[in-house]
Amino acid sequence: HAREWRCVALANGEESADQIAERAGEVRLAGEAIRFIDLKAIHGDDADIFDRKSQSGPSKQRAEWFEKECRKIRRGCRANHGVVIERFLKHVIGARKDIPAEIQTLSSDFMSMVAEPAEGLEVRHLARCFAHVCATGVIGSRAKSLPWSEQLVLNCVRRCYRNARSQLKSE
């Protein structure tokens, strides 16, 4: 029986893949755009990647807060390297008989929320990629590998999907 593999890769840089292609006089094809999703880390006119803190206050104060938060994240990553993935993998291995059906159900639920059956193949493929991320995030929440609720995971992944969908250039 055929197996389907999904892989999600994240990259960052000063310029988006669309900007690099445009500078070279090229346009990224829809198929490429759904294989290498170019999603902005900064939402709208935000000054930084944090979208859960009030934007009010002087920009210097915000910049200092941002630097402090980034230092805390880096320290936490160094101190807890590998801990979260180990907890997640133990959960998945312990529930290995149920995980495929759980992923299928969670992915199908996400797809029914964001994608219409009549939408093009590129759009549905993009939605399936985000459905996989959402399902994995929800399982991570259930495994207590992530500090977020299932609903927060769903809301954030759905927002990222809508952002990616709005940037997708298709025929």
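Preceding block: the structure.
This is a predicted model, so every value here is computed, not measured.

About the criteria used
Residues numbered from 1 in each chain as written. Predicted model: local features only at pLDDT ≥ 70, side-chain atom pairs only at ≥ 80, totals over all residues. Heavy atoms only, no water. Axes fitted to C-alpha atoms, helices over the stretch in contact; angles between N-to-C directions. Helix = DSSP H or I, 4+ residues; strand = E, 2+ residues; numbered from the N terminus. Parallel < 35°, antiparallel > 145°, perpendicular 65-115°, else oblique. Left-handed = near helix turned anticlockwise from the far one by under 90°. Contact = heavy atoms within 4.5 Å. Nonpolar A, V, L, I, M, F, W, Y, C, P; charged D, E, K, R; others polar. Buried < 20%, exposed > 50% of the residue type's maximum accessible area, 1.4 Å probe, protein only. Phe/Tyr/Trp six-rings, centres within 6.5 Å; stacked < 30°, edge-to-face > 60°. Patch = residues over 30% accessible without salt bridge, like charges linked within 9 Å, V, L, I, M, F, W, Y side chains within 5 Å. Areas by Shrake-Rupley, 256 points an atom, 1.4 Å probe, with all protein chains shown as cover. Salt bridge = Lys/Arg side-chain N within 4 Å of Asp/Glu carboxyl O. Lys, Arg positive; Asp, Glu negative; His and termini not counted. Charge placed at Lys NZ, Arg CZ, Asp CG, Glu CD. Core = buried A, V, L, I, M, F, W, Y, C linked by side-chain atoms within 4.5 Å.

A. A look at the packing of helix H5 (residues 99–114) against helix H6 (residues 121–142). The geometry of H5 relative to H6 is characterised by a closest axis approach of 8 Å and an angle of 130 degrees between their N-to-C directions. Here H5 is positioned oblique relative to H6, judged by the angle of their axes. By crossing handedness, the relation of H5 to H6 is classed as right-handed. Each of Ile 99, Glu 102, Ile 103, Leu 106, Ser 107, Phe 110, Met 111 and Val 114 in H5 lies in contact with H6, whose residues at this interface are Arg 124, Ala 127, Arg 128, Phe 130, Ala 131, His 132, Cys 134, Ala 135, Val 138, Ile 139 and Arg 142. Considering only residue class, the contact of H5 with H6 consists of 13 nonpolar, two polar and four charged.

B. Local environment of the side chain of Ser 141. Topologically, Ser 141 is positioned in helix H6. Among the residues examined, Ser 141 registers a relative accessible area of 7% and is labelled buried. Among all residues touching Ser 141, those that are not within four sequence positions of it are Leu 146, Trp 148, Ser 149 and Glu 150.

C. Region of the structure containing the packing of aromatic side chains. For the coordinates displayed, the defined rule picks out two aromatic pairs. On the basis of an interplanar angle of 70 degrees and a centroid distance of 5.7 Å, the ring pair of Phe 130 and Tyr 161 is categorised as edge-to-face. In this pair, Phe 130 is assigned in helix H6 and Tyr 161 in helix H7 (residues 150–167), connecting sequence segments 31 residues apart. With relative accessibility at 8%, the residue Phe 130 sits in the buried group. Taken together through their ring pairs, the aromatic side chains of Phe 110, Phe 130 and Tyr 161 make up a single cluster.

D. Quick look at unusual backbone geometry. For Lys 144, which is not glycine, the phi torsion reads 60 degrees and is therefore positive. Among the secondary structure elements, Lys 144 is positioned in the loop between H6 and H7. Judged by its relative accessible area of 61%, Lys 144 falls in the exposed class.

E. View of a positive patch on the surface. The grouping of Lys 68, Arg 71, Arg 74, Arg 75 and Arg 78 at the surface amounts to a positive patch. Inspection of the secondary structure assignment puts Arg 78 in helix H3 (residues 59–79). In this structure Arg 78 comes out as exposed when scored by relative accessible area, which is 60%.

F. Up close: the nonpolar core. Ranked by size, the top nonpolar core spans 25 residues in total, and within it Phe 110, Leu 126, Phe 130 and Tyr 161 carry the most contacts. The element best represented in this core is H6, accounting for nine residues. The residues contacting Leu 126, other than those within four sequence positions of it, are Ile 34, Ile 37, Tyr 161, Ala 164, Arg 165 and Leu 168.

G. Representation of the environment of Thr 136 within the structure. Here Thr 136 shows up in helix H6. It is 9.8 Å that separates the C-alpha atoms of Thr 136 and Phe 88, two residues lying 48 residues apart in sequence.

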